[in-house]
Amino acid sequence: MVEHRYSEGSTREAEKAHVSRMGNTDGLMSKPFLSGGSLSVEIAQVEIAIFSAMVGCLPVGPGSLVLDLGSGPCWVSDWLRKLKYRTCSMDICFDMLRFGLRRMGPGSWACVADMAAIPLSDNSVDAVVCHAALHHVPDWRSAIAEVYRVLRPGGVFVVQEPGRGHSKQSESIAQMDQFGVLEQDMPPGLLVKACRAAGFSRAIVRPVAELSHGLIRVLPPYAFFRDAPRLFIHKNIRRLLVSIVERLLNLWAPIHLVVAMKGTPYVDSSRPDVMVARFRSIDFRTELNPACPTPIRVSVHNTGLTRWLAEACDDSGLGRVRLGVSRLDENRKIVDLDFLRLSLPHDVNPGETVELSGEVPPLAMTGRAVIRLDMVSEGVCWFSDKGSRPVYLDVQVREQAGDGGCVCR
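Residues numbered from 1 in each chain as written. Predicted model: local features only at pLDDT ≥ 70, side-chain atom pairs only at ≥ 80, totals over all residues. Heavy atoms only, no water.

**Q** If you had to explain the environment of T294 to someone new, which residues and values would you point to?
**A** Following the sequence through the fold, T294 ends up in strand 11 (residues 294–302). Linking T294 and F284, residues 10 residues apart in sequence, is a C-alpha distance of 7.6 Å. Apart from residues no more than four positions distant in its own chain, T294 is found in contact with F284, R285, L288, G358, E359 and V360. (Helix = DSSP H or I, 4+ residues; strand = E, 2+ residues; numbered from the N terminus. Contact = heavy atoms within 4.5 Å.)

Laid out in structure tokens, this is it:
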């Protein structure tokens, strides 16, 4: 057996020249699917399962910025973009990124850089994913420290690497012999310790399996028993069962993810979990002038499991939470569903309360009417569609004696 000795510089140069030494590059454009040089359905199935599990561990939703670390031909970035995430693809090999840019098309963002020196600002990305690339890096602990630096508070690092025995496999030995690249064993326990040493508040091991049905997404430990006891009990029982299943799977599952968290990774309203709003106080007159706007002030408490975004992550507006004011007739039939929107002054985390104020436009009619208040995540759902209770305000609209114009308080 040949003993492989590498210097850090020679390994980097080998990675940069990897594509130029490949005989057939068809698989770079088709990965993870089949090509003339790689006819393995099993490998494609594994890659797809890993991608699905990685996305399942992202608390953030479409529009969020995800750094694809060691992206290679950018197939992970391409699929994330199809799910409407914004991505930055990063690899040390320029030729790899050229394939990726062709694959993703106009508007894609990529950079040639070493993982141990990520050219991004502190706290600048919402999540980082790394699929089977970190084990090629000699100074991989420095790369993890860089990931921690560029992640925003509440961000997550999702990484999948080959485990114990990888460097001794025949395919790995062939890669080292032919291309001079570095192949290392990187079991999940080693990654967990390195992530914690880099400053991550929590790092866990998750098996790649299809038995969890979406229940293993990274969620913080909520404790809102006083506000929503049934929700508290239901969610924690489900998490207990999933935790038991995870630990059993960890005993035999051959492929694992490591998910490291920088603070508390709240699920946001662009890809929500439970969306529940409780209206604590409402200041609104019940007698309205048909030609006069009416002030409204409400206090709303987030009793769900989702961070309400005050602004969307991109121009689509998807996931932006606002107070929706709808106009109904006296029989509670909708006259104008989108009568008024009031914006949040800031993001609202689970357990927090926010104050909203504005003016309801004139109803331009007389008689009885109903004003409905409900929170809405734009492009996603009205909260009442997910079980939250809206508020109905019965009002009387009539000309008020002595009005010489609109004098609204």
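More follows now that the structure is in view.
**Q** Describe helix 5 (residues 94–104), naming the residues involved and giving the relevant values.
**A** Since the α-helix turns once every 3.6 residues, residues separated by three or four places project in the same direction. The set of residues buried in helix 5 consists of D95, M96, L97, F99, G100, R103 and M104. Of the residues one or two after helix 5, G105 is the one with positive phi, at around 85°. (Buried < 20%, exposed > 50% of the residue type's maximum accessible area, 1.4 Å probe, protein only.)

**Q** Any details on the side chain of N289? Residues and values, ideally.
**A** Position of N289 relative to the elements: it lies in the loop between strand 10 (287–288) and strand 11. A relative accessible area of 11% means that N289 is categorised as buried. Within the structure, N289 has its side chain in polar contact with the backbone nitrogen of A291 (distance 3.0 Å). (Polar contact = N/O pair within 3.5 Å; in protein donor to acceptor, adjacent residues only side chain to side chain.)

**Q** Could you give an account of a nonpolar patch on the surface, naming the residues involved and the relevant values?
**A** On the surface, a cluster of nonpolar side chains totalling about 580 Å² of accessible area is made up of I233, I237, L240, L241, I244 and L248. The partly exposed category is assigned to I233, whose relative accessible area is 42%. (Patch = residues over 30% accessible without salt bridge, like charges linked within 9 Å, V, L, I, M, F, W, Y side chains within 5 Å. Areas by Shrake-Rupley, 256 points an atom, 1.4 Å probe, with all protein chains shown as cover. Salt bridge = Lys/Arg side-chain N within 4 Å of Asp/Glu carboxyl O.)

**Q** How would you summarise the sheet that holds strand 1 (residues 65–69) if you had to cite specific residues and measurements?
**A** The strands making up a sheet are joined through hydrogen bonds of the backbone, oriented either antiparallel or parallel. In spatial order, the strands read 3-2-1-4-5-7-6; together these seven strands make up an open sheet with mixed pairing. Because the sheet does not close on itself, it has two edges, and the strands there are strand 3 (110–112) and strand 6 (202–207). With strand direction ignored, the average angle separating the axes of adjacent strands in the sheet is 20°. The pairing of strand 6 with strand 7 (residues 256–261) spans six bridges and is antiparallel. (Pairing = 2+ DSSP bridges. Axes fitted to C-alpha atoms, helices over the stretch in contact; angles between N-to-C directions.)

That's the geometry; what it means functionally is another story.
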